[in-house]
Amino acid sequence: MDLIALADFNLVARHGGFGRAARAAGRPKATLSRRVAELESSLDLRLFERGARALKLTQEGRALYERTGALLTELDEAAAAIASGGDKPRGRLRISAPLLFSQTAMGNLAAKFALKYPEVRLEITTEDRAVDMIEEGYDVVIRVNPDPDESLVGRIFLRDRLVVVASPDLKRPTVGSRIPAVVRGTADQAVVWEVTSPTGRSRIAIDPVLRLSSLIMVRDAVRAGVGAGRLPVSLVSHDLAAGTLVHWGDVDGPDINLWTLYPSRRLLSARVSAFLDYLKEAFPKGTPDELASYIGG
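Residues numbered from 1 in each chain as written. Predicted model: local features only at pLDDT ≥ 70, side-chain atom pairs only at ≥ 80, totals over all residues. Heavy atoms only, no water.

1. Things to note about the overall build of the chain
Each helix and strand in the chain was counted, giving 10 helices and 13 strands. Computed over its C-alpha atoms, the radius of gyration of the chain comes to 25 Å, more than 25% above the 19 Å expected for a compact globule of 297 residues. If you line up the chain on its principal axes, its C-alpha atoms span 75 × 45 × 30 Å. Here the chain holds 297 residues, and the buried ones make up 41% of them. Restricting the contact set of the chain to residue pairs at least 6 apart, pairs at least 24 apart contribute 74%. (Helix = DSSP H or I, 4+ residues; strand = E, 2+ residues; numbered from the N terminus. Rg over C-alpha atoms; globule rule 2.2 N^0.38 Å. Buried < 20%, exposed > 50% of the residue type's maximum accessible area, 1.4 Å probe, protein only. Contact = heavy atoms within 4.5 Å.)

2. Some thoughts on the pattern of salt bridges
Evaluation of the coordinates by the stated rule reveals 20 salt bridges. A salt bridge links Asp-250 to Arg-161, with the nearest nitrogen and oxygen atoms 3.5 Å apart. Taken together, the positions of Asp-250 in strand β12 (residues 246-251) and Arg-161 in the loop between β6 (152-160) and β7 (162-166) put the pair 89 residues apart, joining distant regions of the chain. Residues Asp-252 and Arg-201 are paired through a salt bridge, measuring 2.9 Å at the closest nitrogen-oxygen approach. Taken together, the positions of Asp-252 in the loop between β12 and β13 (256-263) and Arg-201 in strand β10 (residues 200-212) put the pair 51 residues apart, joining distant regions of the chain. Given a relative accessible area of 28%, Asp-252 falls into the partly exposed group. One salt-bridge network, in which partners are shared between bridges, spans Glu-194, Arg-201, Arg-203 and Asp-252. (Salt bridge = Lys/Arg side-chain N within 4 Å of Asp/Glu carboxyl O.)

3. Structural notes on the sheet that holds strand β4 (residues 120-126)
In a beta sheet, neighbouring strands pair by backbone hydrogen bonds and run either parallel or antiparallel. Pairing within the open sheet is mixed, and its 5 strands lie in the order β4-β3-β5-β13-β6. Pairing within the sheet leaves two strands with one partner each, and these edge strands are β4 and β6. Direction aside, neighbouring strands of the sheet carry axes that sit 20 degrees apart on average. In the sheet, β6 pairs with β13 via 8 bridges, with the strands oriented antiparallel. Looking across to β13, one finds that Val-153 is bridged to Tyr-262. Its contacts with the sheet place helix α9 (residues 270-282) against β3 (91-97), β4, β5 (140-144), β6 and β13, and it is angled at close to 45 degrees to β3. (Pairing = 2+ DSSP bridges. Axes fitted to C-alpha atoms, helices over the stretch in contact; angles between N-to-C directions.)

4. Some thoughts on the sheet that holds strand β11 (residues 228-232)
The strand order β7-β11-β8-β10-β9-β12 describes a closed barrel built from 6 strands, whose pairing is mixed. Neighbouring strand axes in the sheet, compared pairwise and without regard to direction, differ in orientation by 50 degrees on average. Judged from the 4 bridges that link them, β7 and β12 form a sheet pairing that is antiparallel. Across the sheet, residue Ala-166 finds its bridge partner in β12, namely Val-246.

No statement about biological role is implied by the geometric values presented.
Quick look at the structure:
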């Protein structure tokens, strides 16, 4: 297989068209079109559907792009590393991270990482959705309790857990009563919270009086005394220590596990390895207390 033609195919696929690819690379459009046509001929496959205004990958073209794009990137990085005399972390590092972790810790982490590795250009996008790493060009994704994905590998670097907390002024529920509650979003339709405390397991019937889109908003509303809330213990540990919130119990259910994920077929670049090692240094035990140290009161 012609590696130059393969690289040109990946260039066109990445930019979504011959014209955009030509402008990005400073290459003649006709050359890119010829190279891709030669690759299609050698493989006896149609890699693009060519419309009047749009260029779309065929099923075979998408499969080839997903399998070869990362490998070609690794070849480029290996050549650059050899030419520069080593594997020093450098270049662009794109990361997708969940909202709460970004709001509470990522700014501090990113700044210290940038100071430690000044030749890495760190780009962090905050979102809770499951991004397509290859399609959207991410090097690392941080996710909470992600679904299994055979195309990705990763590891847990931080653990947290949910607790029910409330203002000291809010009376604890009695049997048969419901307590006002602050919940996150409209998807949370629970009417009962099951919790475990030193006195045993119990069920707390709730009346959602506020629905808010972020856990930081939920915490602030709970602080104000409008109702109880289910929150990560790392987010409220300072309040619990200060007595501005009280602990009603641990929520029954799985722990909150934060994972770093990256494509399994891709050899880790020096910058990705550096970031993974940096997270391990920042959270050596992976406990909620370590995350709480990044969160202000």
